[in-house]
Amino acid sequence: MDSSTYRSLSIVEAGRLLRSGELTSEELTLSALAFCAETNPKLHAFITIAEERALFDARKADNELRAGIDRGPLHGIPYGVKDVFDTAGIRTTCHSKIMMENVPSEDSVVVSRLAQAGGVLLGKLATDEFAFGGPTEDLPFPFPLNPWNADHMTGGSSSGSAVAVSSGILRVAIGTDTGGSIRGPAALCGLVGLKPTYGRVSTRGSYPLAYSMDHCGPLAATVEEAAIALQVLAGFDPLDHASADEPAGDYAKELNAGVAGLRIGVPRAFFEKAFGVSQEALEGIRRTEEALRGAGAIVEDISLPDYPLFSNSGRVILTAEAFAVHEANLKARPSDYSLLAMQRIMLGASLTAADYIQALRLRRELARAVNKTFDRYDLILTACSLAPAPRLDSMPDPLTAPSVIQAYPFSLSGHPAMSVPIGLSTEGLPLSVQIVGPYFGEARVLRAGKTVEKLSVWKLPTLEIH
């Protein structure tokens, strides 16, 4: 199978061929590895390509499928994980010199669940250093480049995951989201990026950034593929202090149920006059609103607390908790951090206990305000990225400038939120919207996302990688 044929197959299409015997997982995996070998030197999506593990997983999947053992839709399908997830016998570097020799003895819960589902681990994907640095030159590996245009940002720390999927190496990859690092890269790279409810997916075995805000979830080529991945990942983990003892839903069951009768609130003040918002992003949101109305949804403006309150509370909590994680290494090995990661984390040293406690108090009020919205509305529709991917050479000050990604409110509140692509800008870069649901309402978010995907006639194209 040549790479272009492989890249055109969805998880469902590949699964059908695997079960009919027209395709083997080994063939699928070899094709992915070949395309990765061709593409990764240009785009830097992977830190570690796990060829031996991938071929072992693929052959095991083929043997099981031939024996009538079917572990579900991901059986025999290649995937990748952000290089903050532990993988037994395969290094987990967090894209940092500090972790270069770190080879875990056990898989993280996320990788373990994917293995139990028969997935094929292709490798470990690039990230900002400890999920908190940025695309800088003083990292041990090159930072990922946007397949749509390598001169533009990939957006956030799950950037390798986004690049691997948007370039066509994979159909699904797993990232983490503390302040928007699943949704941001998905928005800038034309993907679906789902941050589940806080506690919906176990974080055990993933390197923490901020314990009270860390989420794990999929970046996928389509809404359906995000739903397939979440079905595998979701579930209670009694050994994870943050895990929610809440039954997982059937995330694919109502994907095609439409939005007729759903009430959708739009917090227009969040994005309409925000710093850096583009006219094309605003027009994209308005087109989506009108399309949803045409499909039978009730779409109305709503009020939420001012966006800077969410952003400021989130930044204080995230930075304080990140400093707590890294304090010992910052004292012992400061020169082994990239400059940007060290500067961002060290800001936590200047925060007081009073700062942190006040931010936590504000967080509770803000989360309650978001949650109260769902007394009247089924979903929230808002911006994910305020503009198409900015150019790398026009990046604002990463320490002080507002982000183009509007993700903090739902990282802070813990509600499920998903970025969905809706088309392209005049420069040929992806545009997106963000759909938010009530706690553990991922099925409803996915259902609405599938409708947006259909209405916008969006399909991830096969990109030419130069």
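Residues numbered from 1 in each chain as written. Predicted model: local features only at pLDDT ≥ 70, side-chain atom pairs only at ≥ 80, totals over all residues. Heavy atoms only, no water.

1. So, the packing of aromatic side chains
Quick reminder of the rule: Stacked, tilted and edge-to-face are the three classes applied to pairs of Phe, Tyr and Trp rings, where Trp contributes its six-membered ring and a pair requires centres within 6.5 Å; stacked means planes under 30 degrees apart, edge-to-face means over 60, and tilted covers the rest. Numbering goes from the N terminus for both helices and strands, where a helix is a DSSP run of H or I of at least four residues and a strand is a run of E of at least two. For every residue, the accessible area (1.4 Å probe, protein chains only) is compared with the maximum for its type, and the residue is labelled buried under 20%, exposed over 50%, or partly exposed between those bounds.
As enumerated under the stated definition, the model contains five aromatic pairs in all. Centroid distance Trp148 to Trp458: 6.1 Å. Interplanar angle 35°. Geometry classified as tilted. Placement of Trp148 in the loop between β3 (120–125) and α6 (159–166) and of Trp458 in the segment after α15 (442–455) is noted, with a sequence separation of 310 residues between them. The residues Trp148 and Trp458 share a single accessibility class, namely buried. Ring geometry for Phe270 and Tyr307: centres 5.4 Å apart, planes at 80°, overall edge-to-face. With a gap of 37 residues between them, Phe270 in helix α9 (residues 268–271) and Tyr307 in helix α11 (residues 307–332) connect regions that are remote in the sequence.

2. With respect to the pattern of salt bridges
So the rule is basically this: Salt bridges are counted wherever a side-chain nitrogen of Lys or Arg sits within 4 Å of a carboxyl oxygen of Asp or Glu.
In the structure shown here, the tally under the stated rule is 23 salt bridges. Its salt-bridge partner being Arg447, residue Glu254 comes within 3.9 Å of it at the nearest N-O pair. Residue Glu254 is located in the loop between α8 (223–233) and β7 (263–266), and its partner Arg447 is located in helix α15; the two are separated by 193 residues in the primary sequence. Here Arg268 makes a salt bridge to Glu289, at a shortest N to O gap of 2.9 Å. Note that Arg268 is positioned in helix α9 and Glu289 in helix α10 (residues 279–294), a separation of 21 residues in sequence. Accessibility classification places Arg268 together with Glu289 in one group, the buried group.

3. Description of the environment of Thr352
Counting through the fold element by element, Thr352 comes out in the loop between α12 (339–346) and α13 (353–373). A C-alpha to C-alpha distance of 10.0 Å links Thr352 and Val316, two positions 36 residues apart in sequence.

4. A look at the packing of α8 against α15
Note the following rule: Between N-to-C directions, angles cover 0 to 180 degrees, with each direction set by a line fitted to C-alpha atoms, over the stretch in contact for helices. Should an angle fall under 35 degrees it is taken as roughly parallel, and over 145 as roughly antiparallel, whereas 65 to 115 is taken as roughly perpendicular and any remaining angle as oblique. Two helices crossing with the near one rotated counterclockwise from the far one by less than a right angle form a left-handed crossing, whereas a clockwise rotation gives a right-handed crossing. Residue contacts are defined here by distance: any two heavy atoms, one from each residue, within 4.5 Å place the two residues in contact. Classification convention: Asp, Glu, Lys, Arg as charged; Ala, Val, Leu, Ile, Met, Phe, Trp, Tyr, Cys, Pro as nonpolar; all other residues, Gly among them, as polar.
Interaxial distance between α8 and α15 falls to 9 Å at its minimum, and their mutual angle equals 160°. As far as their axial angle goes, α15 and α8 are roughly antiparallel. Read as a crossing pair, α8 and α15 show a hand that is left-handed. Residues Val223, Ala226, Ala227 and Leu230 of α8 pack against Glu442, Leu446, Gly449, Lys450 and Glu453 of α15. In terms of residue class, the contact of α8 with α15 is built from five nonpolar, one polar and three charged.

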